[in-house]
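Coordinate analysis (summary)
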Amino acid sequence: MTRILSGSWLKIIAMFSMTIDHMAYYYGCSNPYLYELMRTFGRIAFPAFAFLLAEGFVHTKNRQKYVLHLFAFALISEVPWLLMNHDGSHNVLFTLLAGLIGLHILKHCENQKLAVCLTALIGLVTIFANTDYSWKGYGLILIFYMFRGRLEIQTLFGIPLMYEYGIIGIMMAFAVIWFYNGERGFIRGKAAKNVFYAFYPFHLMLIYCLR
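Here is a short report on the structure shown in this document. The structure displayed is predicted, hence computed values, not measured ones.

How each quantity is defined
Residues numbered from 1 in each chain as written. Predicted model: local features only at pLDDT ≥ 70, side-chain atom pairs only at ≥ 80, totals over all residues. Heavy atoms only, no water. Helix = DSSP H or I, 4+ residues; strand = E, 2+ residues; numbered from the N terminus. Buried < 20%, exposed > 50% of the residue type's maximum accessible area, 1.4 Å probe, protein only. Areas by Shrake-Rupley, 256 points an atom, 1.4 Å probe, with all protein chains shown as cover. Lys, Arg positive; Asp, Glu negative; His and termini not counted. Charge placed at Lys NZ, Arg CZ, Asp CG, Glu CD.

This part is about the overall build of the protein chain. If you tally the helices and strands in the protein chain, you get ten helices and zero strands. In the protein chain, the succession of helices and strands from N to C terminus is α-α-α-α-α-α-α-α-α-α. If one aligns the C-alpha atoms of the protein chain with their principal axes, the spans along those axes are about 55 × 40 × 35 Å. Split into buried and exposed, the 211 residues of the protein chain put 47% on the buried side. Just so you have it, the protein chain exposes about 11,300 Å², and 67% of that area is on carbon and sulfur atoms. Once the 17 positive and 10 negative side-chain charges of the protein chain are each reduced to a mean point, those two points are 10 Å apart.

Another point: the environment of I168. Within the element layout of this structure, I168 appears in helix α9 (residues 167–177). We classify I168 as exposed; its relative accessible area is 57%. As a C-alpha pair, I168 and T40 span 128 residues in sequence and 6.8 Å in three-dimensional space.

Structure (structure tokens):
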């Protein structure tokens, strides 16, 4: 298989997928077939973001800064999220943040039993905090990290974990991930990364204002 997608292209695809999904979810669609098509395409987003988070954790030079950066944008994103969602849930960046903390534990905790207990505890936090994608999203991030470079195993465990969100969309997501070539791509530097993170709260607020 020729792998042609850099990390930057995965980000672009995930952002586009997420936007299409949220447009369908928050605006609705009079055509039920178009609505389902948009939501199905939208399922590419989270697995792609989870995969990129695990890859970013491996390659980043400052993991503590990575955590703080993601935490800051999770807090910022909570405002538009709560304006649009009144179900007591919290935005997906908190799920990604939980995954990043879980990866820190797996990487640095030398006591294996303690590492298992702590990562399980973080998973429980996502359940009780009712973060978007909850423990299944958190678990997918761990799978991408623990089986990094072993796409067959990632796919084998990842698809059943995400099954409830729509099997076709999730299969599309893993198909896209299979084209990842291991390169960072054209999104480089602090400014570009900030634009990438800022897109999440920005697009939510834009949808809210235009709804």
